[in-house]
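# Structural overview for review
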Amino acid sequence: MLKLRIITALVLAALFLSSLFLLPWGGFVVFAGIFTLIGAWEWANLAGFKSPPERLIFSVLTATAMLLIAWYTGVFDGVIVLSEMRHFLLISVAWWAVALLWVQGYPSSVVLWESRWVKALMGWVVLIPCWLSLSYLHQGKDGALLILLLMATVIVADTGAYFTGKAFGRHKLLFEVSPGKSWEGFWGGLVACLLLALAVNFYTDFKQWKALFIVIFFTALGSVLGDLLESMVKRHRNVKDSGSVLPGHGGVLDRIDSVTAAAPIFTLGIILSGWSL
């Protein structure tokens, strides 16, 4: 199983990096959109739409919403308009603030979102802003590097939390949502991300270092929330993985759950602070 996980991870990394640095902007938008729609197919099942026709309808509706948002924000014109992008990001970040309350209140919060229609709407505000954020970042001069920094923050937060929690974890973070996560791991992941920010600042001689640290800090917090939200929905649905499309890893959602919250927060931070690498 470990060998299969490693092989799948290497293939995914190669595929992602190739699309990030070799594809033109439009090609990357489509690439990210395909993964978003696979995630939508998996989310439909988590939401309670179990039959293939129901899941297909949800995926088609997701694709339609993506096309409408692409038209509104200017994707079809070859550039995403900043003002429209800011609107969607503010809505997305506000939603994640609500999601934090739901995650903290689980299982009592189930009464607010157990309807499959509410979970369907939840899937759209989880997946679509993430796709739009990656599309917006990629269009800039340093877009590929910014996305790489976003992904590095998510990976470092997860890796730091895993090893710190493994070594020192004693106090559970949210046992009802994710029994394996600890407060020690949580803080270890945040410290690791701040060290990442320090390294980026050192090697790039970054002038806006305060903005860099703040953006990475809140991006790391978002990555934890994205992971916990999917864990909560899976726990309520009583499934271990969101799917089985990735050998040894489960579903696409199991790999991008942290990014779904981290990407809008990171992108809004970039826009509000006005910095780039």
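Residues numbered from 1 in each chain as written. Predicted model: local features only at pLDDT ≥ 70, side-chain atom pairs only at ≥ 80, totals over all residues. Heavy atoms only, no water.

We now examine the overall build of the chain. Across its full length, the chain carries ten helices and two strands. For the chain, the sequential pattern of α-helices and β-strands runs α-α-α-α-α-α-α-β-β-α-α-α. Taking the principal axes of the C-alpha coordinates as reference, the chain spans close to 50 × 50 × 40 Å. Intrachain contacts of the chain at a sequence separation of at least 6 include 72% that bridge at least 24 residues. Per element, the accessible surface of the chain, about 13,700 Å² overall, is 72% carbon and sulfur. (Helix = DSSP H or I, 4+ residues; strand = E, 2+ residues; numbered from the N terminus. Contact = heavy atoms within 4.5 Å. Areas by Shrake-Rupley, 256 points an atom, 1.4 Å probe, with all protein chains shown as cover.)

Another aspect to go through is the pattern of salt bridges. Pairs may arise between side chains of opposite charge once their charged atoms sit close together. Here the structure, examined in full by the defined rule, presents six salt bridges. Between Lys-234 and Asp-254 there is a salt bridge; the shortest N-O distance is 2.9 Å. Within this pair, whereas Lys-234 is found in helix H9 (residues 209–237), its partner Asp-254 is found in helix H10 (residues 252–273), the two being separated by 20 residues in sequence. The class for Asp-254 is buried, based on a relative accessible area of 7%. When salt bridges that share partners are traced, they join Glu-230, Lys-234 and Asp-254 into one network. (Salt bridge = Lys/Arg side-chain N within 4 Å of Asp/Glu carboxyl O. Buried < 20%, exposed > 50% of the residue type's maximum accessible area, 1.4 Å probe, protein only.)

Grouped together as the largest cluster of nonpolar side chains are 61 residues, with contacts concentrated most on Trp-43, Met-122 and Leu-229. The element that contributes the greatest number of residues to this core is H9, accounting for eleven residues. Ignoring anything within four residues of it in the chain, the contact list for Leu-229 reads Trp-95, Trp-96, Ala-99, Val-103, Met-122 and Val-126. If you look at the next biggest cluster of nonpolar residues, it comprises 16 residues, including Met-66, Ile-69, Tyr-136 and Leu-268. (Core = buried A, V, L, I, M, F, W, Y, C linked by side-chain atoms within 4.5 Å.)

Bringing unusual backbone geometry into the picture now. Following Tyr-106, the chain continues to Pro-107 via a peptide bond in cis, the omega torsion being 10°. In this model, Asn-238 sits at a positive phi of 65°, which is unusual for a non-glycine residue. With respect to the element layout, Asn-238 can be found in the loop between H9 and H10.

Their axes nearest at 10 Å, the elements helix H4 (residues 82–105) and helix H6 (residues 116–138) cross at an angle of 135°. Relative to H6, the element H4 is oriented oblique. Every pair of crossing elements has a handedness; the one defined by H4 and H6 is left-handed. Between H4, through Leu-82, Met-85, Phe-88, Leu-89, Ser-92, Trp-95, Trp-96 and Trp-102, and H6, the contact on the second element is made entirely by Val-118, Met-122, Val-125, Val-126, Pro-129, Leu-132, Ser-133 and Tyr-136. (Axes fitted to C-alpha atoms, helices over the stretch in contact; angles between N-to-C directions. Parallel < 35°, antiparallel > 145°, perpendicular 65-115°, else oblique. Left-handed = near helix turned anticlockwise from the far one by under 90°.)

What follows covers helix H2 (residues 25–47). With 23 residues, H2 extends 32 Å from end C-alpha to end C-alpha; this agrees with the ideal 33 Å at 1.5 Å per step. Looking one or two residues past H2, Gly-48 carries a phi angle of roughly 110°, positive in sign. (Expected span 1.5 Å × (residues − 1).)

Below, the discussion takes up the state of the cysteines. Here a disulfide denotes a covalent bond joining the sulfur atom of one cysteine to the sulfur atom of another. Following the criterion strictly, the structure yields zero disulfides and no others. Cys-130 takes part in no disulfide bond, and the closest cysteine sulfur, belonging to Cys-193, lies 16 Å away. (Disulfide = S-S within 2.5 Å.)

By the definition in use, this model includes 14 aromatic pairs. Where Phe-49 meets Trp-117, the ring centres are 5.2 Å apart and the plane angle is 70°; that geometry is what we call edge-to-face. Taken together, the residues Phe-49 in the loop between H2 and helix H3 (52–73) and Trp-117 in helix H6 connect sequence positions 68 residues apart. By relative accessible area, Phe-49 is classed as buried at 6%. Taking 5.6 Å as the distance between ring centres and 50° as the angle between the ring planes, the aromatic pair formed by Trp-95 and Trp-96 counts as tilted. (Phe/Tyr/Trp six-rings, centres within 6.5 Å; stacked < 30°, edge-to-face > 60°.)

Taken together, the two bridges between strand S1 (residues 172–174) and strand S2 (residues 178–182) define a ladder with antiparallel strand orientation. Residue Leu-174 lies in a different strand from S2, and its bridge partner there is Ser-178. (Pairing = 2+ DSSP bridges.)

What follows is about H6. In this model H6 runs 33 Å from its N-terminal to its C-terminal C-alpha over 23 residues, within 8% of the 33 Å that 1.5 Å per residue would give. Of all 23 residues in H6, 17 are buried, a share of seventy percent or more.

One can find Lys-119 in helix H6. One buried charged residue, Lys-119, forms no salt bridge at all, with the nearest opposite charge on Glu-114 at 7.3 Å. A polar contact is formed between the side chain of Lys-119 and the backbone oxygen of Glu-114, at a distance of 3.5 Å. Apart from the residues within four sequence positions on either side, Lys-119 is in contact with Trp-43, Leu-46, Ala-47, Trp-113, Glu-114 and His-236. (Lys, Arg positive; Asp, Glu negative; His and termini not counted. Polar contact = N/O pair within 3.5 Å; in protein donor to acceptor, adjacent residues only side chain to side chain.)

In this section: the side chain of Ser-242. Counting through the fold element by element, Ser-242 comes out in the loop between H9 and H10. Each residue touching Ser-242, except ones within four places of it in the same chain, is listed here: Glu-42, Leu-46, Glu-230, Lys-234, Gly-251, Val-252, Leu-253 and Asp-254.

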